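A closer look at the structure
These are the residues of each chain, in order.
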Amino acid sequence: MSIEYVPTICPYCSCGCGIYLVVEDGRIIGQEPWKEHPINEGANCPKGKNAYHFLYHEDRLKMPLVRKNGEFKETSWDEALDLIASKFKQATPESAGFLASCKNTNEESYVIQKFVRIVMKSNNVECCCRLCHSPSAAALGPAFGSPAMQTSQPAIEMADCIFLAGVNMKETFPLMSRRVLRAKAKGAKVICTDPRKTVTVTDLADIHLQLKPGTDVALINAMMSVILAEGLESKEFISSRTAGFDEFRTSLSQTDLKQAEEITGVPADKIKEAAITYAKAKRSCILYNQGICEQSAGVDNVKVHANLALLTGNVGKPGTGVNSLRGNLNGEGTGDMGSLAVFYPGLVKVSPEIAEKFAKFWGVESLPGEPGLTYMEMLNKCPYLYLVGADPMMVVPDTNNLKKTLQGAEFLVVQDIFLTETAKLADVVLPAATWVEREGTHTYVDRRVQKVDKVIDAPGEAKPDWLIICQLAERMGYKDKFNYTSAGEIYEEIRKFVPTYKGISYERLKQAGGVHWPCLEDNLPDTPTMYLEKFNTPDGLGHFQPAEFKPPPELPDAEYPYVLTTGRSIFHFDGGSMSLRTPKLVSELTHGFVEVNSKDALQSGIKNKDMVTLATRRGSIEAQAKISDNVPQGLLFAAFHFPDSRGNSLTNPALVPGAKCAGTKVCAAKMEVKQ
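All residue numbers refer to positions counted from 1 along the written sequence of the respective chain. Only residues with pLDDT of at least 70 are given local features in this predicted model, and only at 80 or more are side-chain atom pairs given and counted; all residues enter the totals for whole chains, interfaces and linings. With hydrogens and water stripped out, all remaining heavy atoms of the structure feed into the side-chain values.

**Concerning a nonpolar patch on the surface**
For clarity, the cut-off: Each patch is built from residues that are more than 30% exposed by relative accessible area and take part in no salt bridge. Like charges join if they lie within 9 Å; nonpolar side chains (Val, Leu, Ile, Met, Phe, Trp, Tyr) join within 5 Å. Per-residue accessibility takes into account occlusion by the displayed protein chains alone, with areas from the Shrake-Rupley method and a 1.4 Å probe. By salt bridge we mean one thing: a side-chain nitrogen of Lys or Arg within 4 Å of a carboxyl oxygen of Asp or Glu. Elements are defined by DSSP. Helices are runs of H or I of four residues or more, strands are runs of E of two residues or more, and each kind is numbered from the N terminus.
Taken together, I3, Y5 and I29 make up a surface patch of nonpolar side chains, about 310 Å² in accessible area. Note that Y5 resides in strand 1 (residues 3-9).

Next up, the structure:
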């Protein structure tokens with residue numbers, strides 16, 4: 001009998017917190033705090049404290065499954081892969097779509113996108129980055145040159161003002177919220193924009209801008225008009241490091257504070273207070289998440305926050321910036337590796353020239369040079385679908401229609417660790433290894449690359465995702481391009497072709513806390529703070545991008561009198577496949593719920609814990625009512641983790657202009673006591 005304490009990184013959100021796994025004879029029997037880890041210093045959230053239990057759940061997939069006569073039957077790897085290869089050989093570059101997961105390692109994501117581009121000759125490869133932070137890429141790319149987080153997590157403590165925009169940090173990034181608390185202890189002021197009075201608002205906010213859903217652009221434009229009127233803009237920074245200021249200033253000339261109050265519901269004096277607080281701070285830091293991205297105005301929402309930072313010179317210093325917070329642990333890395341229809345590895349935009357460059361890298365005659373279909377487009381248009389760790393039935397809008405589409409697909413493959421809601425619809429299901437059952441790297445929220453080592457064996461015949469894809473490539477005639485023998489070999493290829501990772505070796509990643517990209521050489525330091533001297537735009541300047549307020553496309557009416565918004569709970573994660581198979585987390589929150597204002601509940605005859613039917617134009621779900629004045633009158637909030645009450649299934653599938661994600665945060669709804 002031997003017991004080891006093995007350091008690793010939590011498998012949930014993108015903070016990248018360290019834990020020790022207690023391993024006895026090849027099995028995890030417990031976990032302990034990793035007090036020396038620089039991100040969490042031994043503390044963990046409820047999910048992090050219960051990180052490993054899902055690995056041993058009885059639902060784990062152990063053998064390939066093939067649908068025969070409407071039922072799944074266990075089969076051999078050879079039979080399953082031969083069948084998949086025969087089907088995808090029939091697909092055209094336009095008819096096949098592949099979804100990677102932001103829980104994949106960088107090595108796995110890299111191999112998946114390489115397979116799609118070389119074998120399928122297509123750019124139809126996406127990941128869940130599209131669903132949440134494609135507005136960041138569309139807005140921050142032109143503004144700064146990259147959508148990535150600009151400061152490091154520890155540097156948040158250096159800020160004098162922290163602006164939490166559309167992020168319930170205490171529940172979704174609990175360990176990062178400790179940085180905000182430490183900054184507050186030093187005197188920092190915290191501004192929160194959120195329609196709900198969340199635990200983040202009550203515990204952290206000095207100024208709560210409780211705006212109406214979908215009115216962020218009007219609010220931030222009003223704040224910037226105040227800053228200009230008060231002469232608080234950073235004239236030197238604007239002059240030396242930005243472009244487009246005159247046009248931007250003109251765009252705000254008609255902005256009226258009282259009109260902004262009417263649109264947003266935020267009192268004019270509060271808008272003014274927030275603007276002056278943000279502008280006068282020496283270091284102001286914007287941290288934002290899906291609350292501003294997953295709206296019809298998602299791209300414009302991010303643009304105006306970028307404008308706010310440029311206007312006040314709050315970019316390019318530690319503890320400042322416009323910082324997107326990725327939900328999944330490898331949300332940054334999966335995009336970095338090119339698992340997006342518009343980017344090759346290294347976040348290089350798809351073009352004929354870039355395709356030719358990577359064709360030479362990979363030793364093939366040609367590669368596709370035009371952007372592929374995006375996440376939602378593929379699900380609706382591609383008859384051949386291959387999903388690696390993706391469970392769209394739990395997270396995308398209007399899943400009633402999606403289910404019909406997937407049931408009608410020519411051939412659907414799902415590669416995952418459980419028989420997810422999407423896997424239940426598949427023709428073939430492949431069992432994958434996950435987390436500490438294989439080795440690889442992830443790139444966490446602040447561009448921090450950390451390595452996860454293999455600690456235990458995967459159950460049954462489950463295999464690493466990269467190995468499965470390589471074995472499929474062999475059957476499709478491309479063994480020589482996917483003849484990898486280890487994750488380390490794949491990673492060395494990444495370092496060769498992705499310049500921002502060149503200086504980040506497995507050896508260097510042995511240090512606790514990892515390494516921030518860009519790191520251009522082995523002997524050069526990493527980059528905790530971006531844009532110290534110039535931006536990554538072609539001219540090196542930060543670019544203002546004017547944006548005008550437009551109301552959400554679906555607002556309450558007589559039939560659907562409420563606004564529905566969706567989000568997460570501290571006890572569960574994403575589509576729930578891991579957290580709902582963790583006993584302690586399930587005991588904390590066992591079922592879906594909808595938050596209802598007490599006055600709305602009274603008018604509707606709804607009591608606390610009543611089962612209610614919540615409906616939109618897309619369908620209905622049943623959930624338990626949670627009476628709370630944390631939501632204002634007219635607003636309903638539903639979690640989306642639970643298969644029997646999927647909040648996102650009700651939301652509007654209309655795609656956000658310029659980003660092609662869906663606006664899940666604002667739609668019209670109705671509610672009644674379950675009959």
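**Digging into the nonpolar core**
To keep it simple, the criterion reads: For this analysis, a nonpolar core means a set of buried residues of the types Ala, Val, Leu, Ile, Met, Phe, Trp, Tyr and Cys, connected via side-chain atoms within 4.5 Å. Categorising residues by exposure relies on relative accessible area from a 1.4 Å probe, with only protein chains included: less than 20% of the type maximum marks a residue as buried, more than 50% marks it as exposed, and the intermediate range marks it as partly exposed.
Core analysis: the biggest nonpolar cluster contains 147 residues, and I84, F88, F115, F144, Y386 and L430 have the highest contact counts within it. Among the elements that line this core, the one with the most residues is helix 9 (residues 216-229), at 9 residues. Listed in part, the 52 residues of the second largest apolar core include I39, I156, M176 and C285.

**Here we look at the packing of helix 3 (residues 106-118) against helix 21 (residues 465-475)**
Applied cut-off: Note on geometry: axes are C-alpha line fits, over the in-contact stretch for helices, and angles between N-to-C directions span 0 to 180 degrees. An angle below 35 degrees is treated as roughly parallel, one above 145 as roughly antiparallel, one from 65 to 115 as roughly perpendicular, and anything else as oblique. Each crossing gets its handedness from the near helix: less than a right angle anticlockwise from the far helix is left-handed, clockwise is right-handed. Throughout, a contact is declared for two residues whenever any of their heavy atoms are within 4.5 Å. Each residue gets one of three labels, nonpolar for Ala, Val, Leu, Ile, Met, Phe, Trp, Tyr, Cys and Pro, charged for Asp, Glu, Lys and Arg, and polar for the others, Gly among them.
Running from N to C, helix 3 and helix 21 cross one another at 20°; their axes reach a closest spacing of 8 Å. Between helix 3 and helix 21, the angle falls in the class roughly parallel. Remark: the crossing between helix 3 and helix 21 carries left-handed chirality. Between helix 3 and helix 21, the contacting residues are E108, V111, I112 and F115 on the first element and D465, W466, I469, C470, L472 and A473 on the second. When its residues are assigned to classes, the contact of helix 3 with helix 21 shows 8 nonpolar, no polar and 2 charged.

**Some thoughts on the sheet that holds strand 3 (residues 27-33)**
Our working rule: Two strands pair if DSSP finds at least two bridges between them.
Reading across from one edge, 1-2-3 is the order of the 3 strands in this open sheet, with antiparallel pairing throughout. Both outer strands of the open sheet, strand 1 and strand 3, are each paired with one neighbouring strand and no more. Neighbour to neighbour, the strand axes of the sheet diverge by 30° on average, direction disregarded. Taken together, the 7 bridges between strand 1 and strand 2 (residues 18-24) define a ladder with antiparallel strand orientation. By the bridge assignment for strand 2, P7 is matched with Y20.

**Section: the layout of surface pockets**
The criterion, for reference: With a 1 Å grid spanning the protein atoms alone, the term cavity applies to any set of points in which a 1.4 Å probe fits but cannot get out, the term pocket to an open set with protein on both sides within 12 Å along at least five of seven lines, and the term lining residue to any residue with an atom within 4 Å of a point. Grid points are joined across faces, edges and corners, and a volume is the space filled by probe spheres set on the points.
A volume near 1100 Å³ is recorded for the largest pocket. Only helix 4 (129-132), helix 5 (134-144), helix 16 (331-336), strand 15 (348-349) and helix 17 (352-362) provide two or more residues apiece to the lining of the largest pocket. Of all the elements, helix 5 adds the most residues to the lining of the largest pocket, at 5 residues. Class assignment for the residues of the lining of the largest pocket results in 24 nonpolar, 13 polar and 8 charged. Forming the boundary of the second largest pocket are 21 residues, of which E171, L589, F593, E595 and K626 lie nearest the centre. Elements with a contribution of two residues or more to the lining of the second largest pocket: strand 24 (593-596) and strand 26 (619-627). Per element, the largest residue contribution to the lining of the second largest pocket is 3 residues, and it comes from strand 26. Here the lining of the second largest pocket is built from residues that sort into 7 nonpolar, 6 polar and 8 charged.

**Considering the pairing of strand 18 (residues 428-431)**
Side chains of strand 18 alternate between two faces, with V428 and L430 and V429 and P431 buried alike. Here 2 bridges tie strand 4 (residues 65-68) to strand 18, and the two strands are oriented antiparallel to one another. Across the sheet, residue V66 finds its bridge partner in strand 18, namely V428. Relative to strand 18, strand 17 (residues 411-416) runs parallel, the two sharing 4 bridges. The partner of V414 across the bridge, within strand 18, is V429.

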